[in-house]
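Take a look at the letters that make up each chain.
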Amino acid sequence: MKVHGKPMRSIWLAPDAQAAEAIDQTRLPHALVTVRLTTLDEAAHAIRSMQVRGAPLIGATAAYGVWLALRADASDGALEHGLAVLRGTRPTAVNLHWALDDMRQLLAPLPPAERVAAALRRAEAISDEDVAINRAIGAHGLKLLEDAWARKGRQGRLEVLTHCNAGWLATVDFGTALSPIYQAHDAGIPVHVWVDETRPRNQGAQLTAWELGQHGVPHTVIADNVGGHLMQHGQVDLCIVGTDRTTAQGDVANKIGTYLKALAAKDNGVPFYVALPSPTIDWTLRDGVREIPIEQRDGTELSDVTGRLASGEVATVRITPEGSPAANYAFDVTPARLVTALITERGVCPASHDGLLSLFPERRGRA
Ligand code: MRU
């Protein structure tokens, strides 16, 4: 996508080819700053601290992280250590494990002398594949938005609600949930996006609002609890969100609060779509509520809020009483029965095992 008119991805190989560089998302929207990742530990820190975040981008960063680990030491032991360190960074997004399994399968059989170059080639390929996948998700999702716009008689605005950030910042480029929105906007459909603020990290208020603004897509930030009210009053035509892990039967884990939006959508007859690249499908799991590991993060993310003061200085302030504990669940699971359809790079399908198998028939009979 473009930032200040210039094409930009969320992560890329540094011009000197000695590091990966990424947008530091902890600094947005107040500053557009990049971070240079030169070691395994820096890559792991970037994922853990959410300088990079969003399931597909976590996967791509982990792939670069393996390359960085091998640059220091390409032995079997260093490969396994690097994989273990990266695997321990965040638990919910399965793209991390997908990317690390992919890298291991490629690199473990190679002689150490060949591993560094092969790791970089594969990390670059994973990034490029993510871009192509998200472009295809956008094209398939666009058809759903065109249909919704036609159903509305092409009057007024097409009102879309999204939660968290599943835009280009969460992927290498284009995004998952936001990719159809960008394509619809570019095709001339007057889309307006209700952006859930997405407490406690405010990915909606800080990241989604920023990237929609960069692309000129009309949007309004709302408090997390507003969506149900808007749906009751006919002000949401459809919801689109991303996912960090989708089970083989179509249950989806996504940023905390997604489930409540899906319940409200069901109660009000509003279509609720989930956009995902195939590396987000965990074919080994069925029951998302019981089986998907839900990350719990530090309570300070809830008790402390960062923003820009009138002076221009960016500061962090505490908003809860000293001594009040905070429980910070980062994700929840939306059961497949609440999901109208899944949007993947291969097309749109029902959120069910049969639905997924209709698009991924090669998985038939496998775990
Ligand atoms: O904690 P985060 O910011 O990594 O969570 C991100 C999300 O929940 C996104 O909606 C999800 O990764 C899909 S991104 C294409």
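Read on for a plain summary of the structure. (Residues numbered from 1 in each chain as written. Predicted model: local features only at pLDDT ≥ 70, side-chain atom pairs only at ≥ 80, totals over all residues. Heavy atoms only, no water.)

**Section: the pattern of salt bridges**
- Taken as a whole and judged by the stated rule, the model has 18 salt bridges.
- The shortest N-O distance in the salt bridge between Lys152 and Asp237 comes to 2.8 Å. Of this pair, Lys152 sits in the loop between helix 5 (112-151) and strand 6 (158-162) while Asp237 is found in the loop between helix 8 (227-232) and strand 9 (238-241), placing the two residues 85 residues apart along the sequence.
- A residue is classified by how much of its surface remains accessible, and Lys152, at 30% relative accessible area, is partly exposed.
- Sharing partners across several salt bridges, the network here consists of Arg90, Arg201, Glu295, Arg297 and Glu301. (Salt bridge = Lys/Arg side-chain N within 4 Å of Asp/Glu carboxyl O. Helix = DSSP H or I, 4+ residues; strand = E, 2+ residues; numbered from the N terminus. Buried < 20%, exposed > 50% of the residue type's maximum accessible area, 1.4 Å probe, protein only.)

**Structural notes on empty space enclosed by the protein**
- Scanning the entire structure with this criterion turns up two cavities of 30 Å³ or more.
- When its volume is computed, the largest cavity comes out at roughly 190 Å³.
- Taken together, the elements giving at least two residues each to the lining of the largest cavity come down to helix 2 (55-72) and strand 11 (252-255).
- Among the residues forming the lining of the largest cavity, the class breakdown is nine nonpolar, nine polar and four charged. (1 Å grid on protein atoms, 1.4 Å probe; cavity = no way out; pocket = protein on both sides within 12 Å on 5 of 7 lines; lining within 4 Å. Points joined across faces, edges and corners; volume = space filled by probe spheres on them. Nonpolar A, V, L, I, M, F, W, Y, C, P; charged D, E, K, R; others polar.)

**With respect to the site of the ligand**
- The environment of the ligand is made up of 19 residues, and the closest members are Arg90, Gln203, Asp244, Asn254 and Lys255.
- Between the ligand and Arg53 there is a distance of 2.9 Å, counted from an oxygen atom to a side-chain nitrogen or oxygen.
- At a separation of 2.7 Å, an oxygen atom of the ligand approaches a polar side-chain atom of Lys255.
- Surface burial for the ligand is 100%, taken as the share of its 420 Å² of free accessible area covered by protein chains. (Near = heavy atom within 4 Å. Polar contact = N/O pair within 3.5 Å; in protein donor to acceptor, adjacent residues only side chain to side chain. Areas by Shrake-Rupley, 256 points an atom, 1.4 Å probe, with all protein chains shown as cover.)

**Topic: the side chain of Thr89**
- When you line up the elements, Thr89 lands in the loop between helix 3 (76-87) and helix 4 (94-107).
- Within polar-contact distance, the side chain of Thr89 engages the backbone oxygen of Leu86 at 2.7 Å.
- Discounting chain neighbours no more than four positions away, the residues touching Thr89 are Ala44, Ile47, Arg48 and Leu96. (Contact = heavy atoms within 4.5 Å.)

**Quick notes on the sheet that holds strand 18 (residues 331-334)**
- Strand order in this open sheet of four strands is 13-10-11-18, and the pairing throughout is mixed. Looking at which strands have only one partner, the edges of the open sheet turn out to be strand 13 (281-282) and strand 18.
- Direction of pairing for strand 11 relative to strand 18: antiparallel, over a ladder of four bridges. In the sheet register, Lys255 faces strand 18, and the bridge partner there is Phe331. (Pairing = 2+ DSSP bridges.)

**Here we look at the sheet that holds strand 12 (residues 272-275)**
- With respect to topology, seven strands assemble into an open sheet ordered 8-7-6-9-12-19-20, the strand pairing being mixed. Only two strands of the sheet have a single partner each, and these edge strands are strand 8 (219-222) and strand 20 (347-349). Shown here is a sheet whose adjacent strand axes are inclined to one another by a mean of 25°, direction ignored.
- Across five bridges, strand 6 lies against strand 7 (residues 191-196) in parallel orientation. For Val160, the partnering residue across the bridge sits in strand 7 and is Val193.
- On the sheet, helix 6 (residues 178-186) packs against strand 6, strand 7 and strand 9 and is oriented at approximately 150° with respect to strand 7.
- In the packing of helix 7 (residues 203-215) onto the sheet, the strands contacted are strand 6, strand 7 and strand 8, and the crossing angle to strand 7 comes to about 160°. (Axes fitted to C-alpha atoms, helices over the stretch in contact; angles between N-to-C directions.)

**Structural notes on the packing of aromatic side chains**
- Taken as a whole, this structure holds three aromatic pairs when the rule is applied.
- Where Tyr64 meets Trp67, the ring centres are 6.4 Å apart and the plane angle is 65°; that geometry is what we call edge-to-face. Note that Tyr64 and Trp67 are positioned in helix 2 at a spacing of three residues, about one turn of the helix. One exposure class covers both Tyr64 and Trp67, and it is buried.
- Aromatic pair Trp168 and Trp210: ring centres 6.2 Å apart, planes at 45°, arrangement tilted. Of this pair, Trp168 sits in the loop between strand 6 and helix 6 while Trp210 sits in helix 7; the two residues are 42 residues apart in sequence, bridging distant segments of the chain.
- Its end group placed over the ring of Phe331, Lys255 keeps NZ or CZ at 4.1 Å from the ring centre. (Phe/Tyr/Trp six-rings, centres within 6.5 Å; stacked < 30°, edge-to-face > 60°. Lys NZ or Arg CZ within 6 Å of the ring centre and 35° of its normal.)

Read these as geometric descriptors, not functional statements.
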